Amino acid sequence: DAGITQSPRHKVTETGTPVTLRCHQTENHRYMYWYRQDPGHGLRLIHYSYGVKDTDKGEVSDGYSVSRSKTEDFLLTLESATSSQTSVYFCAITQGQDQPQHFGDGTRLSIL
Amino acid sequence: TQLLEQSPQFLSIQEGENLTVYCNSSSVFSSLQWYRQEPGEGPVLLVTVVTGGEVKKLKRLTFQFGDARKDSSLHITAAQPGDTGLYLCAGFPRAGNNRKLIWGLGTSLAVNP
């Protein structure tokens, strides 16, 4: 792996609770991404960051927020989790634009 | 809008067979990438193709980028059970945001011993 750690790896929580997922990298890469992966939908981009405090929305950003206060950490927050947000969440990093992405091992999130 | 169409969606073959997976689009891509994902893990990059008509080989895997840079294929020779996994293509459209990859839905390959 390219020095990417996602935490937690598994989480079960209830509808309406806040949830924060963490992505930590040791590669000093500028770009970081959050995806969700669901059967029949593939990988869908939630938010991405192109630098500290610089973030932008992906195609499925509603209900999610992100923060990046340090190069190495990118946090994904579900302010009030819903059952439709049950999914596997992946963090990815890349050195620059037009570059391949390196992925973490994912967080399996279940919202009951 | 799904810009990258992968086919077939599912493939189950016997060890030793050959197979080809396709990744097609009506859009031109500046580059295309192929990843393999195993259960419980994130996708791992196999190869990047950049030049139209380019062919790259990775052991028993052969990757081709179409001349017009709108399509790509992955051919596996003499498939092994270790080739089992989800194969994903992804790319940066030439006329688009080069910070965001466009992903295909993947081809799920099962190679039976």
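Look up: the structure comes first, before these words.
Here is a short report on the structure shown in this document. Small disclaimer: the values here were computed from a predicted structure and weren't measured.

1. Here's the deal with the interface of chain B and chain A
Each partner contributes to the interface: chain B provides 20 residues, whereas chain A provides 22 residues. Across the chain B to chain A interface the summed buried area is about 1700 Å²; carbon plus sulfur atoms make up 51%. On the chain B side of the interface with chain A, the three residues burying the most area are Arg99, Lys100 and Trp103 of chain B, jointly 35% of the side's total. In this assembly, chain B and chain A are joined by zero salt bridges. Our count for the contact surface shared by chain B and chain A stands at four residue pairs in polar contact (both at pLDDT 80 or more).

2. With respect to the environment of serine 87 of chain A
All names here are of chain A. Among the structural elements, serine 87 can be located in strand S9 (residues 87–94). In sequence terms serine 87 and phenylalanine 74 are 13 residues apart; their C-alpha atoms lie 18 Å from each other. Those residues in contact with serine 87 that lie beyond four places of it in its chain are Arg36, Gln37, Asp38, Thr107, Arg108 and Leu109. Within polar-contact distance, the side chain of serine 87 engages the backbone oxygen of glutamine 37 at 3.2 Å.

Rules used throughout
- Residues numbered from 1 in each chain as written.
- Chains lettered and ligands numbered in written order.
- Predicted model: local features only at pLDDT ≥ 70, side-chain atom pairs only at ≥ 80, totals over all residues.
- Heavy atoms only, no water.
- Contact = heavy atoms within 4.5 Å.
- Buried area = accessible area lost by both parts, 1.4 Å probe.
- Salt bridge = Lys/Arg side-chain N within 4 Å of Asp/Glu carboxyl O.
- Polar contact = N/O pair within 3.5 Å; in protein donor to acceptor, adjacent residues only side chain to side chain.
- Helix = DSSP H or I, 4+ residues; strand = E, 2+ residues; numbered from the N terminus.

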